Amino acid sequence: MDAASSSTANDMMVMDYGDEPHVLAVDDNLIDRKLIEKLLKNFSCRVTTAENGLRALEYLGLGDDQQTTHKASVSKVNLIITDYCMPGMTGYELLKKVKQSSILKEVPVVIMSSENIPTRINKCLEEGAQMFMLKPLKQSDVKKLRCYLKHRS
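Since the structure is predicted, the reported quantities are computational estimates derived from the model, not experimental observations.

**Topic: the overall build of the protein chain**
1) Next: Along its length, the protein chain carries eight helices and five strands.
2) Next: Along the protein chain, helices and strands appear, N-terminal first, in the series α-α-β-α-β-α-α-β-α-β-α-β-α.
3) Next: Expressed as a percentage of the 153 residues in the protein chain, the buried residues total 46%.
4) Next: A sequence separation of at least 24 residues applies to 63% of the contacts in the protein chain between residues at least 6 apart.
5) Next: Taken as a whole, the protein chain presents about 8300 Å² of accessible surface, with 51% of it coming from carbon and sulfur.

Dropping the structure here:
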């Protein structure tokens, strides 16, 4: 494989946006993704969206064929917010993958769900989630996230 063929679409996503916190928002529902993106942008966050856990892992450089590549995009992510219930890979499974990564384990992960199930919430918090939020998110929920972003910058 030559140098030209090793470049991927992920390289285009890495841009310098100064001091804006960068949030990766993962949700299989387009309307929920757009809502999260809008709420976060209201707080001057840069937002990258992914429609499922596997796409999020690819963006973060943790895809099956990307074990040690794309570290530049990883360093630009200040927070990951993900839906719990998604096809293919749940938000809980994504959380576990992120926390197992030596590069990403310090990145705060927030889990969202429309279902208020205490055992699910506790499982996510025990695995290292920073917070569990009920959907639909509101502007007041995003205010709570800002404190995590400020501590990381």
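**Things to note about the pairing of strand β4 (residues 109-113)**
1) Next: Among the five residues in β4, five count as buried, and that is most of the element.
2) Next: Of the two faces of β4, the one lined by V109, I111 and S113 and the one lined by V110 and M112 are each fully buried.
3) Next: By the bridge criterion, four bridges tie strand β3 (residues 79-83) to β4 in an arrangement that is parallel. From the neighbouring strand, T82 faces β4, where its bridge partner is I111.
4) Next: Pairing of β4 with strand β5 (residues 131-134), which is carried by four bridges, proceeds in the parallel orientation. Residue V110 lies in a different strand from β5, and its bridge partner there is M131.
5) Next: Crossover connection from β4 via helix α7 (residues 118-126) to parallel β5: handedness right-handed.

**A closer look at the UniProt feature "modified residue: 4-aspartylphosphate" (unreviewed entry) in the protein chain**
1) Next: Under the UniProt annotation, "modified residue: 4-aspartylphosphate" (unreviewed entry) lies at D83.
2) Next: Positionally, D83 belongs in strand β3.
3) Next: In this structure D83 touches V26, D27, D28, G91, M112, S113 and K135, once residues within four positions along its chain are discounted.

**Some details on the side chain of H22**
1) Next: Among the secondary structure elements, H22 is positioned in strand β1 (residues 22-26).
2) Next: According to the relative accessible area criterion, H22 is buried, its value standing at 1%.
3) Next: Sequence-distant contacts of H22, that is, excluding residues within four places in its chain, are made with R46, T48, Y59, K76, V77, N78 and L79.

**Some details on the environment of E106**
1) Next: Take E106: it is sitting in the loop between α6 (91-100) and β4.
2) Next: With 27 residues separating them along the chain, E106 and L79 place their C-alpha atoms 9.5 Å apart.

Basis of the calculations
Residues numbered from 1 in each chain as written. Predicted model: local features only at pLDDT ≥ 70, side-chain atom pairs only at ≥ 80, totals over all residues. Heavy atoms only, no water. Helix = DSSP H or I, 4+ residues; strand = E, 2+ residues; numbered from the N terminus. Buried < 20%, exposed > 50% of the residue type's maximum accessible area, 1.4 Å probe, protein only. Contact = heavy atoms within 4.5 Å. Areas by Shrake-Rupley, 256 points an atom, 1.4 Å probe, with all protein chains shown as cover. Pairing = 2+ DSSP bridges. Right-handed = clockwise from strand over helix to strand, strands pointing away. UniProt positions renumbered as here; feature names shortened; annotations may be inferred.

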